[in-house]
Amino acid sequence: MKKKVLATLLAAAMTAGALAGCGGGAAETPAAETPAAETPAAEETPAAEETPAAEAAPAANDAIANLIAATTSPVTMTVWASEEDQDLTTKLLDDFKALYPDVTFEITLGAESESTAKDTVLTDVEAAADVYAFADDQINDLVQAGALQEVVANYTYDVAASNVAGAVEAAGVDGKLYAYPMTADNGYFMFYDSSVFTEDDVKSLEKMIEVADAAGKKIAMDISNGWYIYAFFQGAGLQLSLNDDGSNTCTWNAAGGTDVAQAILDLTASGVLVDMGDEDMATQIAEGNVVACVNGTWRAETAQQAWGDNYAATKLPTFKVAGKDCQMSSYSGYKLIGVNPHSANLGWAMLLAEFLTNEDSQKARFEARGLGPANSAAAASDAVQSNPAIAALAEQAAYATPQRVGGNFWSPAETLGQILASGNPDGTDLQQLLDTTVEGITAPVE
Amino acid sequence: MKNALNALGKYFKDFGVAFAKGDIWVKLSAVLMGAGYFVRKQVVNGIIMCLVEVMFVVLCVGYAAPNLAKFGTLGTVQFEQVFDPLTMTSTVNDYDNSFLILLNSIISLFLIFVFLLFYISNMKAVYRLQLKKENGEHINTFREDVRAMFNEKFHITLLTLPAIGIVIMNILPILVLIAVAFTNYDQQHMPPSALFTWVGWTNFKNLFSNSVTVTFGYSFRKILVWTLEWAVLATFTTYIGGILMAKFINDKRTKLPKLWRTLFIIAIAVPQFVTLLLVRSFFADSGIVNTFCTNIGLTGFLKNVGLVPSNLSYIPFLTNPGWAKVMIVIINIWIGIPYQMLVATGVLMNIPEDQIESARIDGANPMQIFVKITMPYMLFVTGPSLITDFVKNINNFNVIYLLTQDVFVTSDQLLANSNAKEIDLLVTWLFRLTNEYYNYKMASVIGIIVFIICAAFTLVTFSRTIKGDKEEEFQ
């Protein structure tokens, strides 16, 4: 009998093990940071500093008052912010709670990178966070999946009027606003070592290659990446846009397309402009082989450490297409905060999203982490203006477009970059090469 | 096959006999499942059966029926939400969630199927009771029934939990996966905000067709070939390597065999993904291995020979299709050998010493002994595990994905157009389609194909290695 009991237990344990094994694969469990119980010590916060309704219409005041009156049970919400943003967000959440002392909040803060928010949210929209940060290129997919609440009304500040135009455009789809701009620093531009290049040198890519060649150094750009190779084709005036059904329209194979492809071939043939991924770039900058690179603010620290006082940044240079100088374009990038329409506390989620993106929060974000604000007033401050990377982004903004492209773009574009950067080893006819790429990019989405 | 059909025939015949020859109480059991028990004084059994029946009816009406009603269309009511700026709340319509309908329908169908089996076996049990009564045999009380579950029927008690586990963890998800392959569930049709529906065999046709823009067929063929190449290479290199390594370590002349064995086991103890990611950065285009090769002049030499394209200043270990394939196989050998070595060590120790001894007396040299005695014996004993290894390698996600993700960019435009790469296995392609492109429908189709390939291969090789009287040969 004893043996049987043991056997039964073992069988049960095995089953439990199998169950546990499967459980391990479940989606990320955000590192919960449940704030301690709300003690009404909120009184001691500087109440006058931030009256939420300052610039809002009386109707909004009523709405907030209604909401406070209608809220009887504790407000439970989940917020996702990137790993690096945890400390700042925790502080902002405390400030937010202090703003509404009559309401009990139970806000859980989870870690989710802005660049991968879409992947996690789309896995199960209903289980995703109430308020989450994401990069603006994901907005179309998120809106399509019904993962973003349309911003039909503002309560504490006017989102559309207070942020720079590009950010507002990036936060909208079909003219409707779907998110709250948080930062305006997710695009790319040119970093360079000013002991190698003069300010005149960095105006033209050909000139930069000449100078770097003379110094025996390299210029790095992730050419085999759809995000960056766009700079050449868009700069030369060719089109890439997103259709309503999620497919793309692309004219990279139209007249002039082969000239751009040839230009990229010529530029990389020098061996000075090299195709290099982001991680490699960091190593190569630190080792001193790379003296200029096309990258974004997230590499500012690496470059600053390597080049010290010679660290400089500017807009992207021009490049020669069929003998004519073209300004390289770029994708502008914004980080946005979105509200999940499936939130149980939609009203509070919207108020929180507004709070996390208002002028003061954006200023705090710049001070704490050096992220460029999307808020016009915050961006105009001297401190922001004197940051080289953010200044370079602002300069590039005139030539940048928000990222609006369907999923079929990436893989073919990446391969096009790979082929061109490796010198078209099979000697494929350039027109043929572009035709195949465009076929892939514009493939129907059924 | 014939046996299975006969068994199935008998199964239903027994049911028919029970129904035809049963007395009024047995016939009543067809409507009220507990009836046959009550009359034989098995009251508790009767109550349990009636409860099961009531639960089933409730389940049908409350759960199965509403879901199955929409099973044909997978829902028609689109998600809609209206936000009221004044109250700051939104109202949602009573929408259909295609995925939940699909999932619940499959669970319902499964439960109905289980109930039917239960129902049939109940009829037979009740009829058996009638026969026992007629023959004047003893009829168990409930207490005796329970006791039986711990004695002569103990296997049933023991296997209930694992069986339920398999149904919930394996069978139901597989059924859902198969169903998804016949729908248009992808990024454009993601519940809850959008509906998806049945599309028949369209996805399978896309996989094997090769129109201009849909290059799935082309990619599928290329990837399938590489998957099989890889599975063969990876399985046999690590297998042979493991046996040789075990032989060397077990050799009398090897000093400190335990130390060597322990060192290899330590290599296993380090999680694979850590090693693989480290190796990936070692072999990166500007990684440590490349720096070393450039310094000793190997890169220049390979360029002269033509193995490295002349416009590169590094060896494209993991970035050129040819190089990457070779590197992946080599790195896999390095990772896989310790496991095979452990297996082989155990088997080698069990080779009957007398056989080897007599061979040696007959004048066979070590090589002959290895080829004629050791290898056949090894193959016989490890044959089944070799097959499982092969199937595992077809699905060897870790090595390929961790070594090449974010590093390898394909230069084959047709592959790129369907999000595939030269070094992809079917399973990594499947992962990329689901995880990065939300193309659940095509991923399901590929999943089914992978399953068919693995199942067919396993069946054929297993029946070939295990059948016959090979066992005799080694006695």
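Residues numbered from 1 in each chain as written. Chains lettered and ligands numbered in written order. Predicted model: local features only at pLDDT ≥ 70, side-chain atom pairs only at ≥ 80, totals over all residues. Heavy atoms only, no water.

The helix and strand tally for chain B stands at 21 helices and two strands. Its C-alpha atoms give chain B a radius of gyration of 31 Å, clearly above 23 Å, the size a compact globule of 475 residues would have. Taken along the three principal axes of its C-alpha coordinates, chain B extends 95 × 85 × 40 Å. Taken over 475 residues, chain B has a buried fraction of 42%. Taking the 36 positively charged and 30 negatively charged side chains of chain B as two groups, their mean positions are separated by 4 Å. (Helix = DSSP H or I, 4+ residues; strand = E, 2+ residues; numbered from the N terminus. Rg over C-alpha atoms; globule rule 2.2 N^0.38 Å. Buried < 20%, exposed > 50% of the residue type's maximum accessible area, 1.4 Å probe, protein only. Lys, Arg positive; Asp, Glu negative; His and termini not counted. Charge placed at Lys NZ, Arg CZ, Asp CG, Glu CD.)

This brings us to the interface of chain B and chain A. Contacts between the two partners involve 47 residues from chain B and, on the opposite side, 56 residues from chain A. Note on chain B versus chain A: buried area summed over both sides is about 4,300 Å², and carbon and sulfur give 57% of it. It is B:F83, B:M88 and B:Q413 in chain B that bury the most area against chain A; as a group they hold 16% of the surface buried on that side. Where chain B touches chain A, the interface holds zero salt bridges. On the surface where chain B and chain A come into contact, there are 17 residue pairs in polar contact (both at pLDDT 80 or more). (Contact = heavy atoms within 4.5 Å. Buried area = accessible area lost by both parts, 1.4 Å probe. Salt bridge = Lys/Arg side-chain N within 4 Å of Asp/Glu carboxyl O. Polar contact = N/O pair within 3.5 Å; in protein donor to acceptor, adjacent residues only side chain to side chain.)

This part covers a nonpolar patch on the surface. A surface patch of nonpolar side chains, amounting to about 590 Å² of accessible area, comprises B:V270, B:F273, B:V274, B:L277, B:L278, B:F282 and B:I288. Counting through the fold element by element, B:L277 comes out in helix α11 (residues 272–282). (Patch = residues over 30% accessible without salt bridge, like charges linked within 9 Å, V, L, I, M, F, W, Y side chains within 5 Å. Areas by Shrake-Rupley, 256 points an atom, 1.4 Å probe, with all protein chains shown as cover.)

Time to look at empty space enclosed by the protein. Residue and element names in this part refer to chain A. Using the criterion set out here, one finds one cavity of 30 Å³ or more in the structure. If you add up the space inside the largest cavity, you get close to 60 Å³. Contributing to the lining of the largest cavity are 13 residues, with W80, A81, A133, M182 and I337 lying nearest its centre. Put simply, the parts of the chain that give the lining of the largest cavity at least two residues each are β1 (75–81) and β3 (131–135). (1 Å grid on protein atoms, 1.4 Å probe; cavity = no way out; pocket = protein on both sides within 12 Å on 5 of 7 lines; lining within 4 Å. Points joined across faces, edges and corners; volume = space filled by probe spheres on them.)

Glancing now at the confidence of the model for chain A. When pLDDT is averaged along chain A, the result is 84, and 86% of the positions lie at 70 or above. For the stretch residues 17–56 of chain A, pLDDT sits under 50, and the model shows 39 contacts to residues farther than four places along the chain or on other chains. (pLDDT = per-residue confidence, 0-100.)

A complete count under the given rule lists 20 salt bridges over all chains for this structure. A cluster of three or more residues bridged by salt bridges with shared partners is formed by A:D85, A:R365 and A:R369.

Bringing helix α13 (residues 346–357) of chain A into the picture now. Two residues of an α-helix separated by three or four positions point the same way, owing to the 3.6 residues in each turn. With 12 residues, α13(A) extends 17 Å between its outermost C-alpha atoms, agreeing within 8% with the 16 Å of an ideal straight helix rising 1.5 Å per residue. Considered for burial, the residues of α13(A) that qualify are A:L346, A:G347, A:W348, A:A349, A:M350, A:L351, A:L352, A:A353, A:E354, A:F355, A:L356 and A:T357. (Expected span 1.5 Å × (residues − 1).)

Here we come to the layout of surface pockets. All names here are of chain B. In this structure, the second largest pocket spans a volume of roughly 1,400 Å³. Lining the second largest pocket are 40 residues, with F99, P173, V176, L177 and Y440 sitting closest to its centre. With nine residues, the top contributor of residues to the lining of the second largest pocket is helix α7 (residues 154–180). Counted by class, the lining of the second largest pocket contains 28 nonpolar, nine polar and three charged residues. (Nonpolar A, V, L, I, M, F, W, Y, C, P; charged D, E, K, R; others polar.)

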